[in-house]
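Per-entry structural report
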Amino acid sequence: MKSELWSRRAFLRMCGAVGATATMASAGGLERVTAASQSVADRTPVEVAQDEFYWREVQLAFKLDRGLINLNNGFTCPSPRVVLESVFRYMEMINMLPVHYQGMVANNIQTIRRRMANEFGCDPEEMALTRGASEALQIVQNGIDLKAGDEVLTTEQDYPRMLTTWDQRVRREGIKVTRIQFPVPAAQDDLYRRFEQAITPKTKVMHFCHTTNLTAQLFPVRRLSQLARSKGIVTIVDGAHALGQFPFKLRDLECDAYGVSLHKWLLAPIGNGCLYVRKEMIPRFWPLQAAPEQQDNDIRKFESIGTHPWAIRAALGEALAFHQAIGAERKAARLRYLTLRWANALKAYPKVKILTNLGEPAEAWGVAAVNIEGIDVRALARFLMDKYRVIAVPLVGGAPPNQVFDYQALRVSPNVYTTLEEIDTFIEAMADAAKNGVPEDLIPAEDEPDLFPREGID
Ligand SMILES: Cc1ncc(COP(=O)(O)O)c(C=O)c1O
C-alpha cells in the first residue's frame, strides 16, 4: 500500500516538477532516486529495505550486464550512470583546453573535500583525496618515521598490499612486524584483548581493518584507538570497505589515520580513495611524493602527485550525491537485508557455515562469507559461475607476506543494484551445491589460472 502510494506520489511529483523524460534520463537516474527517497522519508530504513518499488529506481540508475549476477562488490563496484556520465563530461571539458580547465577543476576539488568531510564527519582540513585505499594507506604506512627495532602490530588477515608495505619496511629498515591471528567470526572483546596482549614497549603503530576484505570481520576501532593513544601508539585503520557501506563518523573512531577505497562502496569512478588524518597527526606523516616544508601541516601535501586524471576525482562529487540521494542508513539497511536473505535461507542446509557475525547489533552489511562443508571453495565459485552465472570470490589463505588464515570461504557481496531475484538465484545455486555437491573436475589444479585472473590488480 505504501509502495503504491510512493509510486503515485513520486510519479506526480516528477511529472509536475520535472515533467520531461529527457531531463530525467540526462540526470542518469539521480532525480528518480531522489524522488523515491523523498517519498519514503516517513518510513524507517528497515522498512524501506524491503520495498522493491523503491529499490527498482536505484537498480535502474545503473547500466549493467544483467546476464551475470555480480556478488563480488567487495572488489570494485560499478558506478551509477550519473557518475560515469560526469567522468565523460569532465574529461571532455578538460580536454578542450587543459591549461585552462584542468586548474579550474582542480580548484573546485576543495568543494568536494568539504562535502566529503561533512558527510563522513571530519574537518575538511583532515580529508585528503587519493587514488584508492592502497595509496591512502601507504602514505601513512611509509610516511611515519620508524627506526630499526620499532614494532608494528597488525593482523594476518589485513590486506595483502598493506602487509607487503610493512614487509618492505622490515627488509629495508629492520622494523619488526607482529601479525595477530584471530578466529572468524571473532567477538569484539576477543579482538581487543588480542591487541592488548600483543603490545610491547616497542610498539609504535597499530594497523588493522575496520572490516576485513575476507569475512568482513568488524573491528572495535574506537576502543583499539583509545587503547593505542593511551600508550602513545599511532593507529592506522584500513577502511577500504567500511566508508560508504555502513554509517559512522570518522571523528568518532578516534584513530590517527584512516584510508578508504571510494571505488568500492561509495560507487565512485575507479581511481578514487581518501585519507583521513587527525589534524594534530598531519605533521607526523611524510607524504609519498615530496611536498615543500610550508605544507608540513597541510592535508594537501598528501595529494601532491603531479598530473593525474582530474575528471575521475571531480566525478566523486556525483558519487557522493548519489550516496546522499539514497541515504547512508537506507543503503546499509538494504545491504543487510540482502545479506540476511541469503544467509537465513541457507540455514536450512546443515553443511552450510557462515563465517561472518550476522547477529544484532549489526556487525555486517553488504559483505559476508560462507562455505559448504566438504566442498573446495574454488570449485564452488566455478560451479556458481558455470551453472548459474553468479560471481562470488573464493577465499583461500596464502603464505607471508600475504594473508594467512586456515579457513576457506566464499565472499558474497551484493550491492544496492542487486535484485531479490539475483539473491534467490544464488540461494538456489548454493542449495544445489549443498544437496548434490559440485563436479570433482571443477577443483582447480595448483597451476590453473584463477577464475578471474588479476595479474597486476590487487
Ligand atoms: C581491506 C582492503 N584494503 C585495501 C585495499 C586496497 O584498495 P584500493 O584497491 O582502493 O587500492 C582493498 C582492496 O580491495 C581492501 O579490500
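Residues numbered from 1 in each chain as written. Predicted model: local features only at pLDDT ≥ 70, side-chain atom pairs only at ≥ 80, totals over all residues. Heavy atoms only, no water.

**Observations regarding the confidence of the model for the protein chain**
Going by this rule: Summary of the metric used: pLDDT quantifies the predictor's per-residue confidence within the range 0 to 100. Two residues qualify as a contact provided that any one of their heavy atoms is within 4.5 Å of a heavy atom in the partner residue.
Of the residues in the protein chain, 92% reach a pLDDT of 70 or more, and the chain-wide mean stands at 93. Every residue in residues 1-6 scores below 50 in pLDDT, and together they form 13 contacts with partners more than four places removed in sequence or on other chains. Within the model, pLDDT remains below 50 along residues 14-26, and this stretch shows 14 contacts once partners closer than five positions in the same chain are excluded.

**Concerning the packing of helix α3 (residues 30-39) against helix α14 (residues 316-326)**
Our working definition: For every element, the axis is a line fit to its C-alpha atoms; helices are fit only across the contacting stretch, and the angle between N-to-C directions ranges from 0 to 180 degrees. Strands are runs of DSSP state E lasting at least 2 residues, helices are runs of H or I lasting at least 4, and numbering of each runs from the N terminus. Relative orientations are named as follows: roughly parallel for angles under 35 degrees, roughly antiparallel for angles over 145 degrees, roughly perpendicular for angles from 65 to 115 degrees, and oblique for any other angle. Rotating anticlockwise by less than a right angle from the far helix to the near helix defines a left-handed crossing, while the corresponding clockwise rotation defines a right-handed one. Three classes are used: nonpolar for Ala, Val, Leu, Ile, Met, Phe, Trp, Tyr, Cys and Pro, charged for Asp, Glu, Lys and Arg, and polar for all others, with Gly counted as polar.
The contact between α3 and α14 brings their axes to 8 Å, and the two run at 25°. Comparing the axis directions of α3 and α14 gives the class roughly parallel. Along this stretch, α3 crosses α14, giving a crossing that reads as left-handed. For the pair formed by α3 and α14, the contact residues are Leu30, Val33, Thr34 and Ser37 on the first element and Glu318, Ala321, Phe322, Ala325 and Ile326 on the second. The class makeup of the residues in the contact of α3 with α14 is six nonpolar, two polar and one charged.

**Observations regarding helix α7 (residues 98-120)**
Since there are 3.6 residues in each turn of an α-helix, residues three or four apart along the chain are aligned in direction. Heads up, the rule is: To estimate how far a helix should reach, multiply one less than its number of residues by 1.5 Å. Here the term buried applies to any residue with accessible area under 20% of the maximum for its type, exposed to any over 50%, and partly exposed to those in between, with areas from a 1.4 Å probe on protein chains only.
Taking 1.5 Å of rise per residue, 23 residues should cover 33 Å, and α7 covers 31 Å from first to last C-alpha, within 8% of that figure. Restricting attention to buried positions, one finds in α7 the residues Val105, Ala106, Ile109, Ile112, Arg113, Met116, Ala117, Glu119 and Phe120. A positive phi of about 80° marks glycine 121, the residue just after α7.

**Quick word on the environment of tyrosine 349**
Assignment of secondary structure puts tyrosine 349 in the loop between α15 (328-346) and β9 (352-354). Overall, tyrosine 349 belongs to the partly exposed group, its relative accessible area being 22%. For the pair tyrosine 349 and aspartate 190, spaced 159 residues apart in the sequence, the C-alpha separation amounts to 29 Å. In this structure, tyrosine 349 is in contact with Ala431, Ala434 and Lys435, ignoring residues within four places of it in sequence.

**Some points on the site of the ligand**
Applied cut-off: Distances are taken per atom, and a residue is near a molecule or strand as soon as one of its heavy atoms is within 4 Å of it. Identification of polar contacts relies on pairs of N or O atoms within 3.5 Å, with a donor-acceptor requirement for protein atoms, meaning one able to donate a hydrogen and the other able to accept it, and with residues adjacent in sequence counted only if both atoms are side-chain atoms. Here the accessible surface of atoms and residues is derived via Shrake-Rupley with a 1.4 Å probe, and residues count as covered only by protein chains that are part of the display.
The full set of residues close to the ligand is Gly132, Ala133, Ser134, Tyr159, Met162, Asn213, Asp238, Ala240, His241, Ser261, His263 and Lys264. Here histidine 241 contributes a side-chain N or O atom positioned 3.0 Å from an oxygen atom of the ligand. Out of a free accessible area of 390 Å², the ligand has 89% covered by protein chains. Taken together, the residues of the shell around the ligand break down into four nonpolar, six polar and two charged.

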